[in-house]
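Here are the chains, one letter per residue:
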Amino acid sequence: MKKITCLFTALVLLFCSACRNTEKLLAEMEESQGSSFEEESIETQDTKVIFSDKLTYTNLDSDSSVSEIRDILAKCGIQTEYIDNVLNWVSDYNDCMRECPSFSLAGDFITIDGTTVDYGDYYPMSVEWYKNNKRNYHDILCRIAAYELVQDNISIDKVISKENFDCWDSDTAWLYTDGDILFGREAEEGEHKEYVPFPLIDWSENTIANYFTLFDPIQIKGECGEREMFEAIQERWGERGISFADNAFSLITFWTQSGERICASHAAVLIESDDGYLLFEKTNPESPYAATKFSATDEVKQYLYNMMELDYSRYDAQVGEYVILKNDRLL
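Residues numbered from 1 in each chain as written. Predicted model: local features only at pLDDT ≥ 70, side-chain atom pairs only at ≥ 80, totals over all residues. Heavy atoms only, no water.

Caption draft 1: A look at helix 5 (residues 80-97). Over its 18 residues, helix 5 runs 26 Å from end to end, which matches the ideal 26 Å to within 8%, given 1.5 Å per residue. On the buried face of helix 5, the contacting elements are helix 4 (63-75), helix 6 (122-133), helix 7 (142-150), strand 8 (276-282) and strand 9 (289-294). (Helix = DSSP H or I, 4+ residues; strand = E, 2+ residues; numbered from the N terminus. Expected span 1.5 Å × (residues − 1). Contact = heavy atoms within 4.5 Å.)

Below, the structure written as C-alpha cells:
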C-alpha cells in the first residue's frame, strides 16, 4: 500500500502543475532576439485553433521505426552514445509494457484521427510495470529522456548544490520522481528500500547537477500570465548562465504554474528537417515513448497543449496559464 501511495503522490506532483515586470529585461530580450516580445507574443500560445484532425506517430515498437528514428536523431547531430541510451530505454519499456491493456504500442508510423493519443489511466500501467519488470523503481520520465539527447546543446555556468536539488521533499518537490530515478530513495527506519536508481542510467555528478539546475522550479508571487512566466524563466536562466546552441534539434519545455512556482511540466526534443518536424518524447512516466510528425510548429504547440490538457483532466484539473519554449525562446 505504501508503494502505491508513494507512486500516486509522485505522479500528482509531476502532472499537476518571479513574476516581475522588468523593463530592463524586456529591452535586453528585444535587442538579443532582434524583435519585440509583442511580435513573438502570447498569441502564438493560442489553444483554440485546431490545425489538424489527424496525427502521425510511432511508439518505436518495430525494428524499422527504431532504425528510422535512430537515423533522424543521428543526422541532426545528436551523439550516438545518447541515441543508443535512449533507444535502450525505449526497448526496456516496450518489452515490459507490450501487453498492457491500457494501450496498443504503434510499431511503424501510423496515422490516426484526432490530435492526441490517450494511453489510458496510470494505475493499470503501474500494475503492468511492476508485474513484468520485477524491478522496484520508476521508469524514465519526459525530462530525463529529453535531457539525455540534448545535453551537449546546453551550457550552464552556475549549477545549484546537491542539497538544493528540488527532489528531496515528498510533499513539496516538483522533481521528487526525478530523484527516485536518479538517486533512489532511502528507506525509513525499519522498512525496506522503496526505490533503487534506474539501472540503465549512468550520469556523472556534473550531468545530474546541470539537469536539476535547468529544470529547477522558479518561485513566483501571485498568478502569472504567459508573458510574466517567459520573463521569469529568462531571468532565472540568465542568472545561472544557461544558454543553448543553435542546432537542428532543440529542447522543448512546457511550463505551468503550481502554487507559487512555475515548473517544467513536460519536456521533449524537436528535430527540424526539410520534411517538417519530428517531436520525440517520453509521453509520461508510466506511458510510452513516441515520435510524432508535424508540418508546422503551430501543430506541435497544439499537440502539446492537447496532451497536457488530457493529463490534467485525469485529476479534474486544468492546465491554466502556460508557456512553451524551444530552447530559451518561445516556440
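Caption draft 2: Here's a closer look at the packing of aromatic side chains. One pass over the full model with this rule turns up 20 aromatic pairs. Between Phe-183 and Phe-212, the aromatic rings sit 6.0 Å apart at their centres with planes inclined by 10°, giving stacked as the arrangement. Here Phe-212 lies in helix 9 (residues 205-214) and Phe-183 lies in helix 8 (residues 176-183), a separation of 29 residues in the sequence. We classify Phe-183 as partly exposed; its relative accessible area is 24%. Arranged with centres 6.4 Å apart and planes meeting at 35°, the rings of Phe-280 and Tyr-289 form a pair that is tilted. When its relative accessible area of 0% is taken as the criterion, Tyr-289 is described as buried. Counting every residue linked through ring pairs, the aromatic cluster contains Tyr-147, Phe-165, Trp-168, Phe-183, Trp-203, Tyr-211, Phe-212 and Phe-215. Sitting over the ring of Tyr-289, Lys-282 keeps its end group 5.3 Å from the ring centre. We note Arg-314 situated over the ring of Tyr-122; from NZ or CZ to the ring centre the distance is 5.5 Å. (Phe/Tyr/Trp six-rings, centres within 6.5 Å; stacked < 30°, edge-to-face > 60°. Buried < 20%, exposed > 50% of the residue type's maximum accessible area, 1.4 Å probe, protein only. Lys NZ or Arg CZ within 6 Å of the ring centre and 35° of its normal.)

Caption draft 3: Broad picture of the environment of Ala-209. Here Ala-209 is to be found in helix 9. Excluding residues that lie within four positions of it along the chain, Ala-209 makes contacts with Val-159 and Phe-165.

Interpretation note: all reported values are geometric properties and have no functional meaning in isolation.
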